[in-house]
Amino acid sequence: MSPNPPVVVHDVTALGELVAGARRQGKRIGLVPTMGALHEGHLSLVRTCRSECGFTVVSVFVNPSQFGPSEDFGKYPRTLEADVQALASVGTDVVFAPASDAMYGPGHATWVEVGAVAEPLEGQCRPGHFRGVATIVLKLFNLVGADVAYFGQKDYQQTLVVKQMVRDLDLPIAICVCPTV
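Being a predicted model, the structure only gives us computed values, none of them experimental.

What counts and how
Residues numbered from 1 in each chain as written. Predicted model: local features only at pLDDT ≥ 70, side-chain atom pairs only at ≥ 80, totals over all residues. Heavy atoms only, no water. Core = buried A, V, L, I, M, F, W, Y, C linked by side-chain atoms within 4.5 Å. Buried < 20%, exposed > 50% of the residue type's maximum accessible area, 1.4 Å probe, protein only. Helix = DSSP H or I, 4+ residues; strand = E, 2+ residues; numbered from the N terminus. Contact = heavy atoms within 4.5 Å. Axes fitted to C-alpha atoms, helices over the stretch in contact; angles between N-to-C directions. Parallel < 35°, antiparallel > 145°, perpendicular 65-115°, else oblique. Left-handed = near helix turned anticlockwise from the far one by under 90°. Nonpolar A, V, L, I, M, F, W, Y, C, P; charged D, E, K, R; others polar. Pairing = 2+ DSSP bridges. Right-handed = clockwise from strand over helix to strand, strands pointing away. Phe/Tyr/Trp six-rings, centres within 6.5 Å; stacked < 30°, edge-to-face > 60°. Lys NZ or Arg CZ within 6 Å of the ring centre and 35° of its normal.

Caption draft 1: Molecular detail of the nonpolar core. If you look at the biggest cluster of nonpolar residues, it comprises 35 residues, and the most contacted ones within it are L15, L31, V57, V137, F141, V144 and M165. Elements supplying a minimum of two residues to this core: α1 (12-24), β2 (29-34), β3 (55-60), β4 (94-96), α6 (129-144), β5 (148-152) and α7 (156-168). Among the elements that make up this core, the one with the highest residue count is α6 (9 residues). Those residues within four positions of L15 in sequence are excluded, and the remaining contacts are V9, V57, V94, F96, L143 and V144. Counting 17 residues, the second largest nonpolar core, distinct from the first, contains L43, C53, V90 and Y150.

Take a look at the structure:
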């Protein structure tokens, strides 16, 4: 059990202040991006992050841009209170749970298209899905400024998309793909 519950922030400014404080202390920053409804697989990513980084940020954001028109964004589970309790048990420092308008403000018009790696498999069945994934992951990378981000091997194509984006855009972040739990 964690001695302190995670700090839950909903706005970008508060997130930036917490991360800047950890950075001033010389801590390595880790990010575990999620859409919430956390399970043991997510918690295993957080445990790995905690073992390798001095400061752990977990994002909980149900990203509307990765849902297609026939997919039910409205029914995706939103369990923030339970998620925060679970994250406290594994020692998370910060939970970043922004509202949609904090991530996609009025007039948002910029998107990340990753190319061929996003086209087959899930990309073929869910057109636009990886555009939404890549866009929100890039936004999270920029907002958190993490040194390393943790993803599950279960989401194999997503990890390929993220790695391609990091390479192509010369992003200063390491990607750690952890075994499926």
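Once the structure has been displayed, the description carries forward.
Caption draft 2: Summary view of the packing of α6 against α7. For the pair α6 and α7, interaxial distance at closest approach is 10 Å and the crossing angle is 55°. Considering their axes alone, α6 and α7 lie oblique with respect to each other. Helix-helix and strand crossings are classified by hand; for α6 and α7 the assignment is right-handed. For the pair α6 and α7, the contacting residues are F130, V133, A134, V137, L138 and F141 in the first and Q157, Q158, V161, V162, M165 and V166 in the second. Its residues assigned to classes, the contact of α6 with α7 shows 10 nonpolar, 2 polar and no charged.

Caption draft 3: Representation of the pairing of β3 within the structure. By the criterion of burial, β3 is predominantly enclosed, with 6 of the 6 residues buried. Burial along β3 is two-sided: F55, V57 and S59 facing one way and T56, V58 and V60 facing the other are all buried. Pairing between β2 and β3: 6 bridges, direction parallel. Its bridge partner lying in β3, G30 is registered against T56. For the crossover that starts at β2, traverses helix α2 (residues 40-52) and ends in the parallel β3, the hand is right-handed. As defined by bridge partners, β3 adjoins β4 across 3 bridges and the pair is classed as parallel. Across the sheet, S59 pairs through a bridge with F96, a residue of β4.

Caption draft 4: Representation of the sheet that holds β5. Within the open sheet, the 6 strands sit side by side as β1-β4-β3-β2-β5-β6. Their pairing is parallel. With partners counted over all chains shown, the strands left at the sheet margins are β1 (7-9) and β6 (174-178), one partner each. Neighbour-to-neighbour, the strand axes of this sheet turn through a mean angle of 25°, independent of strand direction. Sheet analysis places β1 next to β4, joined by 3 bridges and oriented parallel. Residue pairing across strands places V8 opposite V95, the latter belonging to β4. The sheet strands contacting α1 are β1, β2, β3 and β4, and the helix crosses β3 at an angle near 160°.

Caption draft 5: A look at the packing of aromatic side chains. Under the defined criterion, the tally for this structure stands at 4 aromatic pairs. Considering the side-chain rings of F67 and Y76, the 5.8 Å spacing of their centres and the 80° angle between planes classify their relative orientation as edge-to-face. Judged by its relative accessible area of 26%, Y76 falls in the partly exposed class. Measuring from centroid to centroid gives 5.7 Å for Y104 and W111, while their planes differ by 25°, and the two rings are stacked. Grouped by ring-pair contacts, the aromatic residues F61, Y104 and W111 constitute a single cluster. Here R78 stacks its cationic end above the ring of F73, 4.6 Å away from the centre of that ring.

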